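Next come the chains, spelled out residue by residue.
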Amino acid sequence: MRIEVLAVCFAIAAECPAQDWVKAAPLEAPAVNQLAVSGNACGPAALLNAFRSGNKDWARAFGAVKGTNDRERILTVIRGVGMRPSAHAPGVARWSRRGVNVADLRDMANETTAGLFLPSLSEEVFFRQSRETPERLLARIHQRFAKSLAKGLPPVLSIRRYVKRAGRDGTPAWSVIDAHFVTVTSLPRKLPRGALSFPVAYIDPWGGRRLEGTLGIPAEPVFPDGSGSTSCIEARFPKSAVGSSMVRKNEKSVLVASAGIGRW
């Protein structure tokens, strides 16, 4: 186990008793590194990390992917279910040089597990619904992730970098500049009433690193509604760059927890 993995585990243990956390089954499982193939293979790599870190049932899905190493397994996913036509973006394949969207990755996951007697996975967008407060949105994300982990499958989280940039008319607005997938491996089992954030441990397929961060209500509202409330949750992942190099001088940016795939 690498030093950074130990650091995550010690930090978790120090903050909260082990029984108060819901975790992936083999927390020490080797992490799939997308860079073994390319910089846009985060979706397939994050999916493989979810299967490999799942319980014995979901680990069967990882074992069913052909390949003697992680590079071959990623390519199997891309060239197989990834090259099939998208049901959500007609006329294109699910996976491309730009990566893959959440709905297509969900379809890829379900087709990968077909015939293995495993339940279907769901995908969900993590922007506020009608009459949903930021606090309830945070609680919804926590509930979905905790439920998936409890059912043996670490959820895949889609994160997006938004930047506040002036448009053609000169008015600043939030615009997406980059996107990425990670795999959530542990979080507190319960979210305290009134909580504004909660910690998570996750696998970043960029380099195959085990890291930790926080999901929380951003200090500055992102896509604020009429009352000024934020429409999404911030992913405070300081060791995951995700588009930070594309942020211009004096621009504000935020990494958002935009959607997820899991068993809920």
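Quick look at the structure, then. (Residues numbered from 1 in each chain as written. Predicted model: local features only at pLDDT ≥ 70, side-chain atom pairs only at ≥ 80, totals over all residues. Heavy atoms only, no water.)

### Observations regarding the layout of surface pockets
Next, step 1: Its boundaries defined by the atoms lining it, the largest pocket holds a volume of some 930 Å³.
Next, step 2: Elements with a minimum of two residues in the lining of the largest pocket: α5 (102–112), β2 (122–125), β3 (156–166), β4 (172–188) and β8 (252–262).
Next, step 3: Of the residues that constitute the lining of the largest pocket, the class distribution is 16 nonpolar, 11 polar and 9 charged.
Next, step 4: Taken as a whole, the second largest pocket holds about 170 Å³ of empty space. (1 Å grid on protein atoms, 1.4 Å probe; cavity = no way out; pocket = protein on both sides within 12 Å on 5 of 7 lines; lining within 4 Å. Points joined across faces, edges and corners; volume = space filled by probe spheres on them. Helix = DSSP H or I, 4+ residues; strand = E, 2+ residues; numbered from the N terminus. Nonpolar A, V, L, I, M, F, W, Y, C, P; charged D, E, K, R; others polar.)

### Considering helix α2 (residues 42–52)
Next, step 1: The buried fraction of α2 is high, at 11 of 11 residues.
Next, step 2: Where α2 is buried, its residues contact α3 (56–64), α4 (70–79), α5, β3, β4 and β5 (197–204). (Buried < 20%, exposed > 50% of the residue type's maximum accessible area, 1.4 Å probe, protein only. Contact = heavy atoms within 4.5 Å.)

### Overview of the pairing of β8
Next, step 1: Within β8, 9 of the 11 residues are buried, leaving the element largely enclosed by the surrounding structure.
Next, step 2: Sheet analysis places β2 next to β8, joined by 4 bridges and oriented antiparallel. From the neighbouring strand, S122 faces β8, where its bridge partner is G262.
Next, step 3: With 9 bridges connecting them, β3 and β8 associate as antiparallel partners. Looking at the pairing, R160 lines up with V256 of β8. (Pairing = 2+ DSSP bridges.)

### A few points about the packing of α2 against α4
Helix packing for two helices is described by the angle between their axes and how far apart those axes are.
Next, step 1: In contact at an axis separation of 9 Å, α2 and α4 are set at 115 degrees when each is read in the N-to-C sense. Between α2 and α4, the interaxial angle falls into the category roughly perpendicular. Read as a crossing pair, α2 and α4 show a hand that is right-handed. Here α2 contributes P44, A45, L48 and R52 to the contact with α4, which in turn contributes D70, R73, I74, V77 and I78. (Axes fitted to C-alpha atoms, helices over the stretch in contact; angles between N-to-C directions. Parallel < 35°, antiparallel > 145°, perpendicular 65-115°, else oblique. Left-handed = near helix turned anticlockwise from the far one by under 90°.)

### Let's talk about the nonpolar core
Next, step 1: Counting 31 residues, the largest nonpolar core has L48, F51, I74, L105, V156 and F181 as its most contacted members.
Next, step 2: The set of elements that each furnish at least two residues to this core consists of α2, α3, α4, α5 and β8.
Next, step 3: Excluding its chain neighbours within four sequence positions, the residues that come into contact with F51 are W58, A59, A61, F62, A109, T112, T113 and L153.
Next, step 4: Formed by 27 residues, the second largest nonpolar core is a distinct cluster that contains A146, V182, A235 and L255. (Core = buried A, V, L, I, M, F, W, Y, C linked by side-chain atoms within 4.5 Å.)

### Re the side chain of R165
Next, step 1: Note on placement: R165 falls in strand β3.
Next, step 2: R165 sits in the buried class, given a relative accessible area of 18%.
Next, step 3: Separated by 2.7 Å, the side chains of R165 and E251 make a polar contact.
Next, step 4: If sequence neighbours within four positions are ignored, R165 has contacts with T171, P172, A173, I177, M246, R248 and E251. (Polar contact = N/O pair within 3.5 Å; in protein donor to acceptor, adjacent residues only side chain to side chain.)

### Here's the deal with the environment of T112
Next, step 1: Within the secondary structure layout, T112 lies in helix α5.
Next, step 2: Judged by relative accessible area, T112 falls into the buried class, the value being 17%.
Next, step 3: Taking the C-alpha atoms as reference, T112 lies 21 Å from R98; in sequence the two are 14 residues apart.
Next, step 4: Apart from the residues within four sequence positions on either side, T112 is in contact with F51, V65 and V81.
Next, step 5: Within the structure, the side chain of T112 is placed 2.7 Å from the backbone oxygen of M108, a separation counted as a polar contact.

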